[in-house]
Amino acid sequence: MRALFGILFIVSACFLQAQTGTVFGTVRSEGGTALPFASVSVDGTEFRATAKESGSYEITVPSGREVVIRFGYSGAPTITRAVQLVANQREQLDIAMKATELPATQVTPNRLRDASITKMDAKVTRFIPSPLGDVNSLLIGQAGVSTRNELSSGYSVRGGNFDENLVYVNDIEVYRPFLARAGQQEGLSFPNPDMIERINFSAGGFEARYGDKLSSVLDITYKRPREFAGSASASFMGGSFHIENPMFKRRLRQITGFRYRTLNALLKGLDTQGNYTPVYTDLQSYWTYDLSEKVEIGFLGVYSRNKYDVIPTDRETELGNFNQALRFTVFFEGQEKTAYETFFGALNVNVKSTKDLLLKFTGSAFRTYETERFDILGQYRLSELDRDLGSDNFGEPIKLLGVGTYLDHARNSLEATVLNITHKGTWHALRTETRHHEWQWGVEARSETIKDKLSEWYLLDSTDFSIPYTTDPDRLELQRSVKSRLNIESVRSSGYVQHVWEWNNANDRSWAVVAGVRAQNWSYNGQTVVSPRARIAYHPGWKRISAKGDTTSKDYSFWFATGLYYQSPFYRELRDFQGVLNPGVQAQRSIHFILGADRQFKMWGRPFKWSAEAYYKILDDLIPYELDNVRIRYYAKNNANGYAMGIDTKLNGEFIEGVESWASLSVMRTEENITDDFYYNRYNAAGTLIQPGFTFDNVAVDSTLVQPGNIPRPGDQRVSFAMFFQDEMPRFPTYKVHVSLVFGTGLPYGAPNATRYEDILRGPLYRRVDVGFSKQLLGAKGQKRTGFLGGIKDAWVSLEVFNLINLNNTIDYSWIQDVGGRYYGIPEFLTPRRINLKLIAWF
């Protein structure tokens, strides 16, 4: 902790104050038509803005030096203008652009219209110190989001699990591997950050145009290039490359990206030693072509292969406390081979039939083939260590608590094919300076085919006795065995319609209302669900008048969102612990009530935003589940109801000029009540509660019925805090530091059995600090370059230190059992401190 506070003190001491000016104006076509949502940015900084519906814009720029403002619009050549302002100066700059192609934007990026939606910059992922370095690293620090595994792309939102989150790329829902048991098996997440234009995230209360899940939506849109550009990166953990360019007078555009990742150096720090061979590759390409000024076609193709092989040799884990310190030692034989191969293709046609009507037609195909094969023999012993400081054997084993052998076997495979056809439309019924009415609608038909072959078993031998113990000498009892072949073919059909109202009244007051309804039918269980949703947002236009009569805007916004959210089962929700499908499983349901507010303000002359949301969710028809590392194991029954409540708050802004940082704090609670769970407390003749493995007299003479009632859900993380902070040296702005800090309280857990009500133990705190130190090699202001280097716009080298404080964070527990029935939970620690060197270049 001293190291952490030292870093934070140094970072805080480097806060700078800077003066700025303001440039404003309009962005129009050469014919005088307003170009809504044109991008405006200041080169070499993080200052950016988006033109309004009328084409007007306003952007903050550094003062006291010449800066270059870049104007971009889809289908138009980029325009740059150089300006130099003094502190607090306002300068008007009107721009005329040559724009001929179909606009890509479908949804108005208005502050009230998109209340409760967080917008993120994908380029920041290159500087966030994270082992994966993908889009999910941006979610760390977003309000309501919890992550506890640096090796996994999974995340939890307001107490839910990853299956409760929607992820879209170009309006198409995407998936992660189904068979993954541990984060290191998942590999690369689907979105490629180098190819992303926009990222929108909502932690709840999202609109009817998004699908049917209980928790959140992550909406990602890929770029449609306006000029030639590219990037490349290389590190100890892999590399990436992307290139983008328009062709044929900007009618044809393409962006292609390749990623390669290996976590071998990172995994060698785990307690389980061995020969790790993780190789993850990904190739994506997105093409768009303008058939005419009103019709555009596009194609997105993706191929990815994640391969994870390991031959474990040994493991040594120390646990417990000073009073009872334990050491768990295992010697392994065997190996594990896991592979996930994914193909994805999507073809879309966008028709701008009139200036107010946009029609989109999309067809997509997703196919994944996953295999999981392992035979792992482990011979273990659990020892108690000497804690006598005066002993010559201090820290050495003095007592053997358990010894045994286990054999873990699996031959699993899964094939999944998802075919999808979608139509979406947007009609701007009314667009004026003070009022805006907009209709949105969509219909979708999705075919799902899943073939799953399960063949796995687990044998445990403790002190020469097989567990569970049997007196039959000719019978061998396995602790766990699943063997089945499952096939599912089904069709999901859904549709939605929603309306948007916006009013801009006098005195800068404005309102926005989004109301809609969606419906879905699933042929497998025959259930049809209907989900009404609504959100209302208000900007009061408050102003503060000083004693001198100066007027200052107090830029607040408030919103309330509610709706009915269903989540129909996909596949894993239908399969129980024994590998049996339950076709009677119905959709889970959640009713959201969300009250939120934000304020945009300036501090030290730089922009900041504070936001907060309080929420309460009523949960019905829940399917209970258990977490096994990253694997979600469902009970395949709608036999629970519950709730989730809490408050999320976030502050983000430019503590350092042109460099964004953020911090978030979440406090929450989520519980569920399983309707048909109960158990008996049994007592012996002495009136003592019988606990196998602890009590000697295990003959019951009396019992009492216990109904557990509300118990914490697996994602019940009461408090979480995250921060991402960037700083630069005062007189050397090419040197920067990036700090990512995550803190979370413990999650519920329990022994591996079918008694969900026993999973009420609390794991340890999650604490992690990652730091990156960066130096800009090329692209600094005033730097002269010739030859090959002249084509490189920006280049950085970064030294990253993962898990700076070197704390042991626990993701799960391995359980061993002796013949007396007593369980020992052995923590599975995540990665220790590791160092990575990374080189990044943009051209």
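Predicted model only: the values in this text are computed from it and were never measured.

> Sorry, what's going on with the overall build of the protein chain here?
Secondary structure assignment for the protein chain yields four helices and 49 strands. Whereas a compact globule of 843 residues would reach a radius of gyration of roughly 28 Å, the protein chain reaches 29 Å, a difference of no more than 12%. Evaluated residue by residue, the protein chain yields a buried proportion of 55% over its 843 residues. If you take every contact in the protein chain between residues at least 6 apart in sequence, the share linking residues at least 24 apart comes to 68%.

> Got a minute to help me understand the environment of S240 in this structure?
Looking at where S240 falls in the secondary structure, it is placed in strand β17 (residues 238-247). On the basis of relative accessible area, S240 is assigned to the buried category, the value being 14%. Taking the C-alpha atoms as reference points, S240 and D194, 46 residues apart in sequence, are found 8.6 Å from one another. Among residues more than four places away in sequence, those in contact with S240 are R126, D194, S231, A232, S233, F258 and R259. Polar side-chain contacts of S240 include one of 3.5 Å to the side chain of D194. For S240, the side chain forms a polar contact with the side chain of S233, separated by 2.7 Å.

> In this structure, what is going on with a positive patch on the surface? I would like to understand it.
On the surface, a cluster of positive charge is contributed by R373, K453, K483 and R485. Relative to the elements of secondary structure, R373 occurs in strand β22 (residues 357-385).

> Mind showing me how you'd approach the confidence of the model for the protein chain here?
Low pLDDT means the predicted coordinates in that region are not meant to be read closely. Of the residues in the protein chain, 92% have a pLDDT of 70 or more, and the chain-wide mean is 87. In the model, residues 1-18 has pLDDT below 50 throughout and makes 29 contacts with residues more than four positions away in sequence or in other chains.

> Could you clarify how one ought to interpret the sheet that holds strand β13 (residues 172-173) in this entry?
Strand-to-strand pairing in sheets goes through backbone hydrogen bonds, with the strands running parallel or antiparallel. A sheet is described by the order of its strands in space; here five strands give the open sequence β9-β14-β15-β12-β13, paired in mixed fashion. Either end of the sheet is taken by a strand with one partner, and the two such strands are β9 (118-120) and β13.

> Looking at this structure, I do not really get the side chain of S664. What am I missing?
Secondary-structure assignment places S664 in strand β37 (residues 659-674). Among the polar contacts listed, one links the side chain of S664 to the backbone oxygen of G141, at a separation of 2.8 Å. The residues touching S664, leaving out its near neighbours within four places in the chain, are G141, Q142, A143, T649, K650, S720, F721 and A722.

> Just checking my understanding: could you explain the sheet that holds strand β2 (residues 39-42) for this structure?
Here four strands make up an open sheet; going across it, the order is β3-β2-β5-β6 and the pairing antiparallel. Each having just a single partner strand, β3 (48-50) and β6 (76-84) make up the two edges of the open sheet. The average undirected angle you get between the axes of adjacent strands in this sheet is 20 degrees. Bridging between strand β5 (residues 66-73) and β6 involves seven bridges; their strand directions are antiparallel. Pairing of Y73 across the sheet is with A76, part of β6.

> How do you make sense of the pairing of strand β24 (residues 435-462) when you look at a structure like this?
Where a strand is regular, its side chains alternate between the two sheet faces. Across 25 bridges, the pairing between strand β23 (residues 397-431) and β24 is antiparallel. Bridge pairing in β24 links L419 to S447. Between the end of β23 and the start of β24, which pair antiparallel, lie three residues. Both β24 and strand β26 (residues 480-504) contribute to a ladder of 24 bridges, which runs antiparallel. By the bridge assignment for β26, W439 is matched with H499.

> Would you mind going over the pairing of β5 with me for this structure?
As judged from the four bridges shared by β2 and β5, these two strands associate in the antiparallel manner. Bridge pairing in β5 links S41 to R70.

> What should I look at first to understand the packing of aromatic side chains in this one?
Note on aromatic pairs: each is described by the distance of the centres and the angle between the planes. Within this structure, the stated rule accounts for 37 aromatic pairs. Ring geometry for Y749 against Y813: centres 4.3 Å apart, planes inclined by 10 degrees, an arrangement best described as stacked. A residue pair is termed long-range when its members are at least 10 positions apart, and Y749 in strand β43 (residues 748-749) and Y813 in strand β47 (residues 810-817) qualify at 64 residues. Residue classification places Y749 among the partly exposed positions, given a relative accessible area of 22%.

> Could you clarify how one ought to interpret the pattern of salt bridges in this entry?
When their charged atoms lie close together, side chains carrying opposite charge are able to pair. Going through the model one piece at a time under the given rule, you end up with 52 salt bridges. The partner of D648 in a salt bridge is R158, with the nearest N and O atoms 2.8 Å apart. One end of the pair, D648, is in strand β36 (residues 640-656); the other, R158, is in the loop between β11 (156-157) and β12 (165-169), with 490 residues separating them in the sequence. Taken individually, D648 and R158 each receive the classification buried, so the pair is uniform in this respect.

> When you look at the side chain of K736 in this model, what are you seeing that I'm missing?
By the element assignment, K736 lies in strand β42 (residues 732-744). In this structure the side chain of K736 is engaged in a polar contact, spanning 3.2 Å, whose partner is the side chain of E728. In this structure, K736 is in contact with V659, D727, E728, G772, F773, S774 and W796, ignoring residues within four places of it in sequence.

> Sorry if this is basic, but what is going on with the environment of Q588 here?
Relative to the assigned elements, Q588 resides in strand β32 (residues 588-603). Put simply, Q588 and Y565 are 23 residues apart on the chain and 8.3 Å apart in space, counted from C-alpha to C-alpha. Residues within four places of Q588 in sequence aside, it is in contact with L214, Y565, Y566, Q567, D620, D621, L622, I623 and N638. Looking at Q588, its side chain comes within polar contact range of the main-chain nitrogen of I623, at 3.0 Å.

> It is not clear to me how the environment of E150 should be interpreted in this structure. Could you clarify?
Here E150 is to be found in the loop between β10 (145-146) and β11. A polar side-chain atom of E150 sits 3.3 Å from a polar atom in the side chain of Y766. Separated by 3.3 Å, the side chains of E150 and R768 make a polar contact.

Parameters and conventions
- Per chain, the residues get numbers from 1 upward, laid out in the order the sequence is written.
- In keeping with the model being predicted, local features are shown solely for residues with a pLDDT of at least 70 and side-chain atom pairs are shown and tallied solely at 80 or more, while totals for entire chains, interfaces and linings include all residues.
- Computation of side-chain values covers all heavy atoms of the structure but excludes hydrogens and water.
- Secondary structure elements are defined from DSSP: runs of H or I of at least 4 residues count as helices, runs of E of at least 2 residues count as strands, and each element is numbered from the N terminus.
- Only C-alpha atoms enter the radius of gyration; for comparison, a globular chain is expected to reach 2.2 Å times N to the power 0.38, where N is the number of residues.
- Each residue's exposure class comes from its accessible area (1.4 Å probe, protein chains only) as a fraction of the maximum for that residue type: buried when under 20%, exposed when over 50%, partly exposed otherwise.
- Throughout, a residue-residue contact means that at least one pair of heavy atoms, one from each residue, lies within 4.5 Å.
- Side-chain atoms alone can form a polar contact between residues adjacent in sequence; in general such a contact is a pair of N or O atoms within 3.5 Å, and within protein one must be able to donate a hydrogen while the other accepts it.
- Any residue with relative accessible area above 30% and no salt bridge may belong to a patch, with like charges joined within 9 Å and the nonpolar Val, Leu, Ile, Met, Phe, Trp and Tyr side chains within 5 Å.
- Method for areas: the Shrake-Rupley scheme with a 1.4 Å probe, in which residue coverage is limited to the protein chains shown.
- Within this document, salt bridges are pairs made up of a side-chain nitrogen of Lys or Arg and a carboxyl oxygen of Asp or Glu, the two lying within 4 Å of each other.
- Charge counting treats Lys and Arg as positive and Asp and Glu as negative, with His and both chain ends excluded.
- A single reference atom marks each charge: NZ on Lys, CZ on Arg, CG on Asp, CD on Glu.
- Scored from 0 to 100, pLDDT reflects the predictor's confidence in each residue.
- At least two bridges found by DSSP between two strands are what make those strands a pair.
- Comment: axis = line fitted to C-alpha atoms, over the contacting stretch for helices; angle = value between 0 and 180 degrees taken between N-to-C directions.
- Between rings of Phe, Tyr and Trp, where Trp is taken as its six-membered ring, a pair exists when centres lie within 6.5 Å; planes separated by under 30 degrees are stacked, by over 60 edge-to-face, and by other angles tilted.

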